[in-house]
Amino acid sequence: TDAPRCLADLIETFRAQLRDDPDVASAVAAIRALLGFLKQDRGETIQGLRSSLLAAINTLSRVDSSVAVSSAGELFLRFISLTSLEYSDYSKCKEIMIERGEIFLRKVSLSRNKIAKLCHPFIRDGARILTHAYSRVVLRVLEAAVESKKRFSVYVTESQPDQAGQKMAKALRKLNIPVTVILDAAVGYIMEKVDLVLVGAEGVVESGGIINKIGTNQIAVCAKAQNKPFYVVAESFKFVRLFPLNQQDVPDKFKYKADTLKTSQNLTEEHPWIDYTSPSLITLLFTDLGVLTPSAVSDELIKLYL
Amino acid sequence: SGELMDLIRTEGRRMTAAQPSETTVGNMVRRVLKVIREEYGRLHGRSEESDQQESLHKLLTSGGLSEDFSTPYPLLRANVIEAINELLIELEGTTDNIAMQALEHIHSNEVIMTIGYSRTVEAFLKEAARKRKFQVIVAECAPFCQGHEMAVRLSKENIETTVMSDAAIFAVMSRVNKVIIGTKTILANGALIAVSGTHTLALAAKHHSTPLIVCAPMFKLSPQFPNEEDSFHKFVSPQEVLPFTEGEILAKINVHCPVFDYVPPELITLFISNIGGNAPSYIYRLMSELYHPDDYEL
């Protein structure tokens, strides 16, 4: 009887965090909620802890089935396994886990600033940047560029079906950056005018490719065709252990929203929300682990999971 | 050792500010800093396998404290000096190490193209010439025409050499089997900063699907990224391009004489260095072994 109540609490904590701080990454909110769940878990063994955490992560992905939450869940599980390998005594282990969890959360809250510091020198004075949909990391990078007194202009795609681009344009106007919203279909038209493309990512896969809002692949292909650098900014907790070879390989649970998955009869009639961009189209990835070429991403993932 | 590192860092900054295009100065400072960190770590009792690099793994398992270099160790000085001597020996042997790999890459009756003058490529070709017969075409690399000196040195070793102008690079490329060049700097994404004219050579090679091999020792690998595309440029006196005697014309035009060229990593096939042959996409890994990420910005 405890379990369902705890899970309901978990969902509530997760939702509350997203409500109170719209700037927080959904993965960070998920990890914070899972850490809270861990604190009040009353199990006595590592196995018990793992299974209740697995249940918790499943519940969370039924609320928000995005890639970011899934990668956060996997990272947290890995975190538990690594820590439990070092300490055999369960209560000590749990203490250390909670302590390290707090440190981890503190470090990732700094990750956006680290990325902004790495990325803004790549934006030259007078640059014209193309970005896609709404990304808080890209926003932070552009903010850092403004702070270092650079002048540049931004083109944002409207990004249907939720018009996320309008939200991005509004946020950019607040920073006094000249911004133009363009149709998703106008990317090929506008590409000759831009100097670089800068997008965020919902997930970074093992091959070094990214999973991001639908439309990103198109932009990458156009950028490659016209020889424009395509930069991706993403925090390191977004690295996932997927290796899609094409668009079909991306699991359905990431492509569609959680509610759609539950209610829809025929998924082929739904529009996917994300697409996969292959690493050959990406020039550089800016993460809090440093500036990486796409081939370096798999190395990072191996270091973690092996 | 924290003080030692700060001292070295300040000196390094001064030296790189004096001559920014000589990136090897900064690279060596970073190598020394890495040596000091390693020796300190060894004395501090940290295990050899522990990774100094930032990684996801480290994020999850660290206890939170970052390395504090304030504990004094009397043995540290001797260890660091020994390690630096090893580094010196390695540096002195780089050209020979690269030349030793020549036989694997150059086959008989091949036509090799190169540009300008590079000591590394000269040693590489000379070593291959001892056992194989091949031809070399040297692009003269205007306006300084160092290609002429390269051709003279190569022909002294009885290698059949042809000199041609830079404009003929594309025309001749269809008869070339391999392009072997040296470089000034290797950037962190696998790109090159090489002598002016190299980008043309690389594009022509790509068009004809000719492999482009870069012979460069590891100390030329610099952890910088090509962020501001024009920031690495060094311009010298335009006297070489258009002599000052042409005063009437000079008053009406702008003359530039850039020394370096940027070559993107997609155009390069292989890097041959003193530690072996590597693809450009692997450069990030070599860099993580040579330098510590905290030292990328001196």
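Our structure is the block above this text.
The paragraphs below set out a description of the structure included in this document. (Residues numbered from 1 in each chain as written. Chains lettered and ligands numbered in written order. Predicted model: local features only at pLDDT ≥ 70, side-chain atom pairs only at ≥ 80, totals over all residues. Heavy atoms only, no water.)

## Thoughts on unusual backbone geometry
The criterion, for reference: By the criteria applied, helices consist of DSSP H or I runs no shorter than four residues and strands consist of E runs no shorter than two, each listed in order from the N terminus.
Geometrically, the link from Q160 of chain A to P161 of chain A is a cis peptide bond, its omega value of 5° lying close to zero. If you trace the backbone, P161 of chain A turns up in the loop between strand 2 (152-157) and helix 8 (164-174). A142 of chain B connects to P143 of chain B through a cis peptide bond whose omega is 0°. Inspection of the secondary structure puts P143 of chain B in the loop between strand 2 (135-139) and helix 8 (146-156). Residue K149 of chain A is not a glycine yet carries a positive backbone phi of 65°. Here K149 of chain A lies in the loop between helix 7 (136-147) and strand 2. The phi dihedral of S209 of chain B falls on the positive side, at around 55°, and the residue is not glycine. Here S209 of chain B lies in the loop between helix 10 (198-207) and strand 7 (212-215).

## Brief notes about the nonpolar core
The line we're drawing: Nonpolar core, defined: a set of buried Ala, Val, Leu, Ile, Met, Phe, Trp, Tyr and Cys residues in which side-chain atoms within 4.5 Å join the residues together. Burial classes: relative accessible area under 20% of the type maximum marks a residue as buried, over 50% as exposed, and values in between as partly exposed (1.4 Å probe, protein chains only). Where each domain begins and ends is defined by an automated method or by a domain database.
Grouped together as the largest cluster of nonpolar side chains are 68 residues, with contacts concentrated most on F76, L130 and F230 of chain A. Of the domains in this structure, domain 1 (2-109) and domain 2 (115-305) of chain A are the two that each give at least three residues to this core. Counting 65 residues, the second largest nonpolar core, distinct from the first, contains L192, A205, L221 and M287 of chain B.

## Remarks on the pairing of strand 1 (residues 127-131) of chain A
Residues and elements named next belong to chain A. We apply this condition: Pairing between strands requires that DSSP locate at least two bridges from one strand to the other. Note on handedness: a crossover is taken as right-handed if, strands pointing away from the viewer, the path from the first strand over the helix to the second is clockwise.
Among the five residues that make up strand 1, four are buried, leaving the element largely enclosed by the rest of the structure. Sheet analysis places strand 1 next to strand 2, joined by five bridges and oriented parallel. Among the inter-strand pairings, R128 is bridged to a residue of strand 2, identified as S153. Following the chain from strand 1 across helix 7 to the adjacent parallel strand 2, one finds a crossover that is right-handed. Pairing between strand 1 and strand 4 (residues 196-199): two bridges, direction parallel. Bridging across to strand 4, L130 finds its partner in V197.

## A few points about the sheet that holds strand 5 (residues 203-204) of chain A
Residue and element names in this part refer to chain A. Quick reminder of the rule: Only heavy atoms enter the contact rule, under which two residues are in contact if any of them lie within 4.5 Å. Axis lines are fitted to C-alpha atoms, over the contacting stretch for helices. Their N-to-C directions set the angle, which ranges from 0 to 180 degrees.
Overall, antiparallel pairing links the three strands, which are arranged 5-6-8 in an open sheet. The open sheet has two edge strands with one neighbour each: strand 5 and strand 8 (274-277). Note that strand 5 and strand 6 (residues 210-213) share two bridges and pair antiparallel. Paired with V204 across the two strands is I210, which belongs to strand 6. The strands touched by helix 10 (residues 216-225) are strand 6 and strand 8; relative to strand 8, the strand with the most contacts, the crossing angle is about 30°.

## Concerning the packing of helix 1 (residues 2-18) of chain B against helix 2 (residues 23-44) of chain B
All names here are of chain B. Defined as follows: Small angles under 35 degrees read as roughly parallel and large ones over 145 as roughly antiparallel, with 65 to 115 read as roughly perpendicular and the rest as oblique. Amino acids outside the nonpolar list (Ala, Val, Leu, Ile, Met, Phe, Trp, Tyr, Cys, Pro) and the charged list (Asp, Glu, Lys, Arg) are all regarded as polar, and Gly is one of them.
Where helix 1 contacts helix 2, the two axes come as close as 9 Å, and the packing angle between them is 175°. Put simply, helix 1 runs roughly antiparallel to helix 2. Taking contact as the criterion, the partners of L4, M5, I8, R9, G12, M15 and T16 in helix 1 are, on helix 2, V25, G26, V29, V32, L33, I36 and R37. Per-class residue counts for the contact of helix 1 with helix 2 are nine nonpolar, three polar and two charged.

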